[in-house]
Amino acid sequence: MTAARSRLRPRDTVRVAFSGLRARPLRAVLSALGIAVGIAAMVAVVGISASSREQVNQQLDALGTNLLTVAPSQSFVSEAELPREAIDMVGRLDAVESVSAAGIVPGTAVYRNDEIDPNQTNAIAVSAARTDLLDTVSATVASGRWLDDVLSAFPVVVLGADTAELLGISRTDGDVQVWLGGEWFTVAGVLDPVPLAPELDTSALIGWPVAESLLGFDGAPTTVYQRVAEGSVDEVRALLPATVDPAAPEEVAVSRPSDALAAQAATDETLTTLLLALGGVALLVGGIGVANTMVIAVLERRSEVGLRRALGATRAHIRRQFLGESVLLAALGGGGGALLGGAATAAFASSREWPFALPVWVLAGAAGATIVVGALAGAYPAARAARMPPTAALSSV
Amino acid sequence: MTVTTAEPVIRLRDVHRRYPGRPPVRALDGVSLSVAPGELVAIVGPSGSGKSTLLNILGTLDRADAGEVCIDGRDVGTLSDKQLSALRAHSIGFVFQQFFLSPGVSALDNVADGLLYTGVSLRERRRRAARTLDRVGLADRLRHRGNELSGGQRQRVAVARALVGRPSFLLADEPTGALDSASGAAVLKLLHELHDGGTTVVVITHDHGVAAELPRQVHILDGRIESDEYLAGAS
Ligand SMILES: Nc1ncnc2c1ncn2[C@@H]1O[C@H](COP(=O)(O)OP(=O)(O)O)[C@@H](O)[C@H]1O
Ligand SMILES: [Mg+2]
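So, a few notes on the structure that sits alongside this text. Treat the numbers as computed from the prediction; the structure is a model and nothing was measured. (Residues numbered from 1 in each chain as written. Chains lettered and ligands numbered in written order. Predicted model: local features only at pLDDT ≥ 70, side-chain atom pairs only at ≥ 80, totals over all residues. Heavy atoms only, no water.)

Notes on the site of ligand 1
Residue and element names in this part refer to chain B. Taken together, the neighbourhood of ligand 1 is formed by Y19, V25, A27, P46, S47, G48, S49, G50, K51, S52 and T53. Within the backbone of S49, an N or O atom sits 3.2 Å from an oxygen atom of ligand 1. In this structure, G50 approaches ligand 1 through a main-chain N or O atom, which is 3.0 Å from an oxygen atom. The fraction of the free accessible surface of ligand 1 (560 Å²) that becomes covered by protein chains is 59%. Counting residues per element, the ones that place at least two in the shell around ligand 1 are strand 2 (25-35) and helix 1 (51-58). By residue class, the composition of the shell around ligand 1 is 4 nonpolar, 6 polar and 1 charged. (Near = heavy atom within 4 Å. Polar contact = N/O pair within 3.5 Å; in protein donor to acceptor, adjacent residues only side chain to side chain. Areas by Shrake-Rupley, 256 points an atom, 1.4 Å probe, with all protein chains shown as cover. Helix = DSSP H or I, 4+ residues; strand = E, 2+ residues; numbered from the N terminus. Nonpolar A, V, L, I, M, F, W, Y, C, P; charged D, E, K, R; others polar.)

Listed below in structure tokens is the structure:
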């Protein structure tokens, strides 16, 4: 009988730690709050940036990353254009799956009506567009219709998303006309924003034939768009300048719009790091709060410690009890914070119509950080409780 | 004194305990004491006589500076802190003046906590706690929380908690000190009943009235045992 040891089952350790928290629920919640804020901030920051990246990835998946755009180098004159043969030349490249083009009609502006002073310029470019442009750049029509072979021969215009907003036009039933290059053009359609060709958003697009016949367009493209076989993108990219303009390949700029989209998503990386650091500071402050709560708890509960020692608790049992309490307290905050951060991510993602993405490693990291913070915060108070002589603990009441 | 044949539960031989100070306090100054199984003993003395110091040493919560302390047949001086904890868990049942019950916890679980550090499962702890509460006459108060009980009931719960592990002896520190006389009498009656059932009980008190009701009275003064009397006619 005397050889029997003093033993506290692991399950009972958790139970004892939990009952310590339950005895003072308000204090537990308040001191867990600091941890919750820190974890919530970190989870939300990572979740939101993951959701944003997921959104871009999904967009790129849908739009494809094999679109290349050829335009005159920006460093040259603004009215620069590509050779008329450029479209045919590009189409002859093996790896090119489809080619389309748009050409700015020089000196042509578009207005809501014919009473606006033509000297008052706006940012809207009038471009002749080939009928296959829509498919090549994965653009979609918000309302009305896109140009086809028939419409392209008539004074009909399709507005980019920004253009439509700028002109205040949403009707596409054929009743609305705009004053374009000194002629009335009927609005046949409005495009959705085009992520791979944002320059189209601020354009007014008319048929290639009507541009030539009515507005004196010379038929030289400003931008050539081509879809390239996956895997040949880099190769084609290298060939394009000389193909488009063999005489002056250096005046040709090739770009891959999907790269720009991906880069856009990566630019907020520094902000993410900063916010993560702030979350870390909040977590640290939360940890100090937990440590403070635990120090007070140990002081207040001297007689409880004495009683437990009298009931047979070893120093290790007392230490484990308070350490467990501290870790549970932090875990309470961590769990609440993860829920809060997840909810914030979901709310933000849905407000932007992004997909919801929360990497598992964040949750695992939050759990790990919580346990470490709880253990660190509880280590000193727990050691102090364990060191209290049982007589002092009992006589303190 | 009396010769007992059984191995004593408590045996102190020339125990000294002094507290540092100028001059140092000799709280225990050569105490020798033997308690046999089944005894009901009062250790009585005025305030400052060294009762609490003796209680701490009997309960292995504190160590003697000199002398020999044998509890339940084991020489306490040779045991580690961990071994002393085990001794308390299995062999000693404490009853305190202030009860030390958890207020928000049921009587049943307060008593079950008496077995917490013996490694018994919760289900078994509760089963034994219910049986022990029945023994102290509180079978109908199992679900009551500590703060829903009267002082006398609380002390009976505390006695049940001390008893639930079937210790070698109960160590009661002023068990009636915080109670009105009726409740105090009921608790004393309970201790008598336990004694009649064979439990060894040591009661520490400053109250001569309480001590007078117990069969053996050990008087302590200034850290020394003044007298050790067996009451004629007591069991
Ligand atoms: N921790 C301590 N430090 C110093 N002196 C103490 C301490 N505890 C008790 N004493 C002294 O030891 C003597 C005995 O005290 P105690 O055992 O508490 O007596 P009682 O319980 O009979 O009142 C008293 O003079 C008291 O002042
Ligand atoms: Mg005292």
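Topic: the pairing of strand 10 (residues 223-228) of chain A
Residue and element names in this part refer to chain A. When you tally the buried positions in strand 10, you get 6 out of 6 residues, the bulk of the element. Side chains of strand 10 alternate between two faces, with T223, Y225 and R227 and V224, Q226 and V228 buried alike. Of the pairings in the sheet, the one linking strand 1 (residues 67-72) to strand 10 comprises 4 bridges and is antiparallel in character. Within strand 10, the position partnered with T69 by the bridge is Y225. (Buried < 20%, exposed > 50% of the residue type's maximum accessible area, 1.4 Å probe, protein only. Pairing = 2+ DSSP bridges.)

Describing the pattern of salt bridges
Any two side chains of opposite charge can pair, given that their charged atoms come close. All names here are of chain B. Applying the stated criterion to the full structure yields 27 salt bridges over all chains. The partner of D109 in a salt bridge is R126, and the shortest N-O contact between them spans 2.8 Å. Here D109 is found in helix 3 (residues 107-112), whereas its partner R126 is found in helix 4 (residues 122-135), with 17 residues between them in sequence. In this structure, the salt-bridge partner of K189 is E193, at a minimum N-O distance of 3.2 Å. One end of the pair, K189, and the other, E193, are both in helix 6 (residues 181-196), 4 residues apart, so they sit about a helical turn from each other. (Salt bridge = Lys/Arg side-chain N within 4 Å of Asp/Glu carboxyl O.)

Here we look at the side chain of T272 of chain A
Counting through the fold element by element, T272 of chain A comes out in helix 9 (residues 269-300). Sequence-distant contacts of T272 of chain A, that is, excluding residues within four places in its chain, are made with V45 and S49 of chain A. (Contact = heavy atoms within 4.5 Å.)

Section: the interface of chain B and chain A
Of the residues lining the interface, 30 residues belong to chain B; the matching set on chain A comes to 28 residues. With both sides pooled, the region where chain B packs onto chain A buries about 2500 Å², and carbon together with sulfur makes up 59% of that total. Together, L61, F100 and Y117 of chain B form the three largest contributors to the area buried by chain B at its contact with chain A, with a combined 28%. In this structure, the connection of chain B to chain A is made through 3 salt bridges. Notably, a salt bridge pairs D81 of chain B with R315 of chain A, separated by 3.5 Å at the nearest N-O pair. Viewed at the interface, chain A and chain B are joined by 11 residue pairs in polar contact (both at pLDDT 80 or more). Elements with a minimum of two residues in the side of chain B that touches chain A: helix 2 (81-91) and helix 4 of chain B. A total of 9 residues in the side of chain B that touches chain A trace back to one element, the largest contributor, which is helix 2 of chain B. Residues that form the side of chain B that touches chain A fall into these classes: 11 nonpolar, 9 polar and 10 charged. (Buried area = accessible area lost by both parts, 1.4 Å probe.)

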